[in-house]
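Coordinates in review
Take a look at the letters that make up each chain.
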Amino acid sequence: MKKNILFLSVIATLISSGAAFADEVKPDNEVTFNASLASDYRYRGISQTRLDPALQGGADYTNNPTGLYAGTWLSTIKWISDTPGAGSTPAEWDIYAGKRGEVTKDISYDVGVLGYVYINNNLTNVGLKDANTLEIYGQLGYGPAYIKYSHAVTPLFGIVDSKNSGYLDAGANIEISEGLTLNLHVGYQKVQGMNSSAATYTDYKVGVSKEFKQLGGVVVSLAAVGTNADKTFYASAANGKFMGKNSAVLMATKTF
């Protein structure tokens, strides 16, 4: 009798372990969507919305066996429309594709290409280059830490003579407790060309993010962000305010 009970216990354990394993197996093809509300859209530390809130959303496709992926993402912006004569462009539209995988058991990689599209932008009318930008990027990860480099193969966001500019980004997302993560980041934007000294800068972020399962898995993040960017070069054309100022940014994101 005792042997039968032990046997049944072992079988039950194996079945439950198998079920748990099955739950962790991802489908070959996976599609996810995301939507966010942010108190400010900061990109590489610089506000794209004149320090005002932004609505954001996107979709991602991943082929899990190969690590190939593609996606798109949009956010409301103001910096182009705020520039007299530069056109009416209310949104940034990102399109990207790449491949993720492992170099070794502990080291991951991510390589790809990212296009930033600004429909109806007319920055060329105000002496700048077209705002549409194309970058290639590569990232290495180790545990919660990563380092990433992005290289512009076109002029960078309309800045004259800025082709071949680069952005070096390092950070870590460290789980403090279940559902609570510490977010750390520092980046260096090197801008090529005649505006190099004014346009080049460093940015940082220190924040926390928390998943609220009772709200359907909504992730709320709060971060201190800032830069040492040139206050004149990165001033809003609408009101002259510095777009790289030190500030707190609050965001809520839902993935489904």
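Residues numbered from 1 in each chain as written. Predicted model: local features only at pLDDT ≥ 70, side-chain atom pairs only at ≥ 80, totals over all residues. Heavy atoms only, no water.

**Looking at the nonpolar core**
Counting residues in hydrophobic clusters, the biggest one holds 27 residues, and the most contacted among them are Y118 and Y234. Breaking this core down by element, the ones donating at least two residues are β5 (68-76) and β7 (107-117). Sequence-distant contacts of Y234, defined by excluding residues within four places in its chain, comprise I46, V191, A198, A199, Y201, A229, K241, F242, M243 and G244. (Core = buried A, V, L, I, M, F, W, Y, C linked by side-chain atoms within 4.5 Å. Buried < 20%, exposed > 50% of the residue type's maximum accessible area, 1.4 Å probe, protein only. Helix = DSSP H or I, 4+ residues; strand = E, 2+ residues; numbered from the N terminus. Contact = heavy atoms within 4.5 Å.)

**Concerning the environment of Y149**
Locating Y149 in the fold gives a position in strand β9 (residues 145-152). Distance in space between the C-alpha atoms of Y149 and Y167 is 5.7 Å, their sequence separation being 18 residues. Excluding residues that lie within four positions of it along the chain, Y149 makes contacts with I136, Y137, G138, S165, G166, Y167 and L168. Among the polar contacts listed, one links the side chain of Y149 to the side chain of H151, at a separation of 2.9 Å. (Polar contact = N/O pair within 3.5 Å; in protein donor to acceptor, adjacent residues only side chain to side chain.)

**Considering the side chain of T227**
Turning to its location among the elements, T227 is positioned in strand β13 (residues 218-227). Accessibility expressed as a relative area gives 14% for T227, which makes it buried. Among the polar contacts made by the side chain of T227, one reaches the main-chain amide nitrogen of A229 at a distance of 3.2 Å. Of note is the side chain of T227, whose polar atom sits 2.9 Å from the backbone oxygen of G244. Those residues in contact with T227, other than ones at most four positions away along the chain, are R44, G45, I46, Y201, T202, D203, Y204, F242, G244 and N246.

**Concerning the pairing of strand β6 (residues 91-102)**
Judged from the 9 bridges that link them, β5 and β6 form a sheet pairing that is antiparallel. Across the sheet, S75 pairs through a bridge with E92, a residue of β6. The sheet contact formed by β6 and β7 spans 10 bridges and is antiparallel. Note that in β7 the partner of D94 across the bridge is Y116. Turn length for the β6-β7 hairpin, with the two strands adjacent in sequence and antiparallel, is 4 residues. (Pairing = 2+ DSSP bridges.)

**Describing the sheet that holds β9**
If you trace the 12 strands once around the closed barrel, you get β1-β4-β5-β6-β7-β8-β9-β10-β11-β12-β13-β14, paired in antiparallel fashion. The sheet shows a mean angle of 20 degrees between the axes of neighbouring strands, direction not considered. Here 8 bridges tie strand β8 (residues 133-142) to β9, and the two strands are oriented antiparallel to one another. Paired with L140 across the two strands is I147, which belongs to β9. (Axes fitted to C-alpha atoms, helices over the stretch in contact; angles between N-to-C directions.)

**Considerations on the layout of surface pockets**
Empty space within the largest pocket amounts to approximately 2,000 Å³. Lining the largest pocket we find 48 residues, and of these Y43, W73, K148, K205 and M251 sit closest to its centre. Among the elements that take part in the lining of the largest pocket, β13 stands out by supplying 6 residues, more than any other. For the lining of the largest pocket, the residue count by class is 21 nonpolar, 14 polar and 13 charged. (1 Å grid on protein atoms, 1.4 Å probe; cavity = no way out; pocket = protein on both sides within 12 Å on 5 of 7 lines; lining within 4 Å. Points joined across faces, edges and corners; volume = space filled by probe spheres on them. Nonpolar A, V, L, I, M, F, W, Y, C, P; charged D, E, K, R; others polar.)

**Overview of the packing of aromatic side chains**
By the definition in use, this model includes 9 aromatic pairs. Centre to centre, the rings of Y43 and Y116 are 5.7 Å apart; their planes meet at 70 degrees, and the pair counts as edge-to-face. With Y43 in strand β2 (residues 42-43) and Y116 in strand β7, this pair connects stretches of sequence that are 73 residues apart. The two residues Y43 and Y116 agree in class, both being buried. Ring pairing ties together the aromatic residues Y43, W79, Y116, Y118 and F157, which thus form one cluster. In this structure, R100 packs its charged tip against the face of Y69, placed 3.8 Å from the ring centre. In this structure, K148 packs its charged tip against the face of Y137, placed 4.6 Å from the ring centre. (Phe/Tyr/Trp six-rings, centres within 6.5 Å; stacked < 30°, edge-to-face > 60°. Lys NZ or Arg CZ within 6 Å of the ring centre and 35° of its normal.)

Such coordinate-based values are descriptive only and should not be taken to indicate function.
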